[in-house]
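Here is how the chains run, residue by residue.
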Amino acid sequence: MKNEEILNISGIPAAAPSYPKGPYRFINREYFTITYESDPDAIRHALPEPLEPAPGNLIAYEYIKMPDSSGFGDYTESGIVIPCLFNGEEVNFTCQMYLDDEPPLTGGREIWGFPKKYGNPNLKVVHDTLTGTLHYDEELVSMGTMAYKTENLIANPMHAEMRNPDKIIEKLTKTQINLKFIPGVDGRPAIAQLVAYNMCDAEIKGAWSGHARIHLVPHVNAPVADFPVKKVIGGSHFIADITLPYGRVIHDYLNDQKSIKQQNLPHQRSQGEKNRKAGVLVHGE
């Protein structure tokens, strides 16, 4: 392979990359989100600086079904999103994600730094109940339920703030942030960044809300229960066509470390000069 060929591949293995180049379009992407109040100390511990907790100590637990995803196929994922602040802007930090398909798992981690692990999520309608589950290593670690399509957000006058589809699109395209971390061949960090992205080109096909419940089971390798449920705020259910574009780096931890080292260099040189002079005085060099 020539240099230009190597630099033009979408990923590895070069013979059959795990994913194509983006952007990535999702058709009939179905979101089931349960918002609940959790422990402020757990939230603070999970947020990488300089992100700050948002008021309310809220967690958004998601089950997302993606039956038609360009380059990724048909898969489902589940995980935890934390509403927070970056330089005063309201954003969402993706904390944990579990899914059942290799291309979006690999591509998500390599491109945007999504915190993805392999699990077995499921989102389906069981009679009158929208039901999301997540199994990890054959064990149930989360189950969320909501009454199926009992409150239409677009049609219900009680939800005036969401009746305009643009408001729903604003919610779905809110700035999302991931912690992208990739070690180098020596085991030290090669990439350590906060990466932001905004879903775009959204077309809303349905939006509902309702009473919801969520049950979380402690598991060492899928620690979703580390964010205890204090009070369920409610559930939301969206179906949309939407596009995932490439992201952007908003904070680079390695550059911060370089800046700190550079700030210390004058002091280090000065101390070295002092040591050299001291050697002359003591040893008569």
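What you see is a predicted model, and the numbers here were worked out from it, not measured in a lab.

## Describing a nonpolar patch on the surface
A cluster of nonpolar side chains, contributed by Met1, Ile6 and Leu7, occupies part of the molecular surface with about 360 Å² of accessible area. Topologically, Leu7 is positioned in the loop between α1 (3-6) and β1 (24-37). In this structure Leu7 comes out as exposed when scored by relative accessible area, which is 72%.

## Thoughts on the side chain of Lys180
Here Lys180 lies in strand β11 (residues 176-183). The charged side chain of Lys180 is buried without a salt bridge, its nearest counter-charge being Glu110 at 8.4 Å. One polar contact links the side chain of Lys180 to the main-chain carbonyl oxygen of Glu110, over a distance of 2.9 Å.

## Considering the pairing of strand β15 (residues 231-244)
Within β15, 11 of the 14 residues are buried, leaving the element largely enclosed by the surrounding structure. Across 12 bridges, the pairing between β1 and β15 is antiparallel. Residue Glu30 lies in a different strand from β15, and its bridge partner there is Ile239. Direction of pairing for strand β13 (residues 200-210) relative to β15: antiparallel, over a ladder of eight bridges. The residue of β15 that forms the bridge with Ser209 is Ser236.

## Examining the pairing of strand β3 (residues 58-69)
With 10 bridges connecting them, β1 and β3 associate as antiparallel partners. Bridging across to β3, Ile34 finds its partner in Tyr61. One ladder, built from eight bridges, connects β3 with strand β4 (residues 73-86); its direction is antiparallel. Following the sheet pairing, Tyr61 is matched in β4 by Ile80. What sits between the antiparallel neighbours β3 and β4 is a turn of three residues, in which Gly71 has the positive phi angle 85°.

Parameters at a glance
Residues numbered from 1 in each chain as written. Predicted model: local features only at pLDDT ≥ 70, side-chain atom pairs only at ≥ 80, totals over all residues. Heavy atoms only, no water. Patch = residues over 30% accessible without salt bridge, like charges linked within 9 Å, V, L, I, M, F, W, Y side chains within 5 Å. Areas by Shrake-Rupley, 256 points an atom, 1.4 Å probe, with all protein chains shown as cover. Salt bridge = Lys/Arg side-chain N within 4 Å of Asp/Glu carboxyl O. Helix = DSSP H or I, 4+ residues; strand = E, 2+ residues; numbered from the N terminus. Buried < 20%, exposed > 50% of the residue type's maximum accessible area, 1.4 Å probe, protein only. Lys, Arg positive; Asp, Glu negative; His and termini not counted. Polar contact = N/O pair within 3.5 Å; in protein donor to acceptor, adjacent residues only side chain to side chain. Pairing = 2+ DSSP bridges.

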